[in-house]
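The residues making up each chain are set out below.
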Amino acid sequence: NAGVTQTPKFRVLKTGQSMTLLCAQDMNHEYMYWYRQDPGMGLRLIHYSVGEGTTAKGEVPDGYNVSRLKKQNFLLGLESAAPSQTSVYFCASSSGTVSLRPQHFGDGTRLSIL
Amino acid sequence: AQSVTQLDSHVSVSEGTPVLLRCNYSSSYSPSLFWYVQHPNKGLQLLLKYTSAATLVKGINGFEAEFKKSETSFHLTKPSAHMSDAAEYFCVVSEGTNAGKSTFGDGTTLTVKP
């Protein structure tokens, strides 16, 4: 059972470069999320999607864009990376609203911006 | 608005002794509450959830939590700690009005001494 798979697992970028993080889930979940985790802090929501073709802003959306062209995939893009975006990024999915359904998490992408 | 406070950033116990991880929440509506565990370099895994059913919730690996509305608390307990319980634990609150939004606590690191 793959669950939620994140690609890549590690990446180092230079300031100003762009990249896309891929999240894939095989559980047929409607809801998908992107979080960032910084030292000593809980996860903060960047963007989320309640279904194919939909996206919405979370708590810290600036500097990021997302797309949900297929139900199973949720892409997170950094157009012009900044050192403040150095973080661990987690993707999650759920079968319904987070007030009723638990989230299933990937193992994270560790991103460093130099 | 919703918020969550984990009262201890670090907890250290000896193997075989009880575990208590404290969580207080704030919510304008009837909240759903979750505890997740994160082992090093891994994603978060659901331990247990409260969604307005029984106030004493049993989870995996012998953990349980009690929802106390009068105290706005959702503390996590386990009668006897095991070495494998060493990890970071997150308390999470979600309101029914926010389809995609959860608020995570800053986490409690549990250390288990032999």
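Residues numbered from 1 in each chain as written. Chains lettered and ligands numbered in written order. Predicted model: local features only at pLDDT ≥ 70, side-chain atom pairs only at ≥ 80, totals over all residues. Heavy atoms only, no water.

Our focus in this paragraph is the sheet that holds strand S8 (residues 73-78) of chain A. All names here are of chain A. The strand order across the open sheet built from four strands is S1-S3-S8-S7, with neighbouring strands paired in antiparallel fashion. Each edge of the open sheet carries a strand with a single partner, namely strand S1 (4-7) and strand S7 (64-67). Geometrically, the sheet is characterised by an average inter-axis angle of 20° between neighbouring strands, direction not taken into account. Two elements, S1 and strand S3 (residues 19-25), share four bridges in a ladder whose sense is antiparallel. Bridged to Gln 6 within S3 is Cys 23. (Pairing = 2+ DSSP bridges. Helix = DSSP H or I, 4+ residues; strand = E, 2+ residues; numbered from the N terminus. Axes fitted to C-alpha atoms, helices over the stretch in contact; angles between N-to-C directions.)

The next point concerns the pairing of strand S12 (residues 108-113) of chain B. Residue and element names in this part refer to chain B. Only one face of S12 is covered, namely the one carrying Thr 108, Leu 110 and Val 112; the face carrying Thr 109, Thr 111 and Lys 113 has none of its residues buried. Pairing of strand S2 (residues 10-14) with S12 involves five bridges; the strand directions are parallel. Of the residues in S12, the one forming a bridge with Val 13 is Val 112. (Buried < 20%, exposed > 50% of the residue type's maximum accessible area, 1.4 Å probe, protein only.)

On average, residues of chain B score 92 in pLDDT, and 96% of them are at 70 or above. Taken element by element, chain B is modelled with least confidence in strand S11 (residues 102-104) of chain B, mean pLDDT 90, and with most confidence in strand S3 (residues 19-21) of chain B, mean pLDDT 98. (pLDDT = per-residue confidence, 0-100.)

A word on the nonpolar core. One finds Trp 35, Leu 48, Leu 76 and Tyr 89 of chain B to be the most contacted residues of the largest nonpolar core, which totals 26 residues. Ranked by residue count, the leading element in this core is strand S10 (residues 87-95) of chain B, at four residues. Residues contacting Tyr 89 of chain B, with those up to four places away along its chain left out, are Gln 6, Leu 21, Trp 35, Tyr 36, Val 37, Leu 47, Phe 63, Leu 76, Gly 107, Thr 108 and Leu 110 of chain B. The next biggest cluster of nonpolar side chains, apart from the first, holds 19 residues, and it includes Val 4, Met 19, Phe 74 and Cys 91 of chain A. (Core = buried A, V, L, I, M, F, W, Y, C linked by side-chain atoms within 4.5 Å. Contact = heavy atoms within 4.5 Å.)

The next subject is the state of the cysteines. Linking two cysteines covalently via their sulfur atoms produces the bond known as a disulfide. All names here are of chain B. If you walk through the whole model with that rule in mind, you get two disulfides over all chains. Between Cys 23 and Cys 91 runs a disulfide, and the two sulfur atoms are separated by 2.0 Å. Across the S-S bond of Cys 23 and Cys 91 the torsion is about -65°, and the bridge reads as left-handed. Pair noted here: Cys 23 is in strand S4 (residues 23-26) and Cys 91 is in strand S10, with a separation of 68 residues, a long-range link. For the residue pair Cys 23 and Cys 91, the accessibility class agrees, reading buried in each case. (Disulfide = S-S within 2.5 Å.)

Our next topic: the packing of aromatic side chains. Inspection of every chain in the model, using the stated rule, returns 12 aromatic pairs over all chains. On the numbers, 6.0 Å between centres and 40° between planes, the contact of Tyr 35 of chain A with Phe 105 of chain A is tilted. Pair noted here: Tyr 35 of chain A is in strand S4 (residues 31-37) and Phe 105 of chain A is in strand S10 (residues 104-105), with a separation of 70 residues, a long-range link. An aromatic cluster is defined as three or more aromatic residues linked by ring pairs; in this entry it consists of Tyr 33, Tyr 35 and Phe 105 of chain A together with Phe 34, Tyr 36 and Phe 104 of chain B. (Phe/Tyr/Trp six-rings, centres within 6.5 Å; stacked < 30°, edge-to-face > 60°.)

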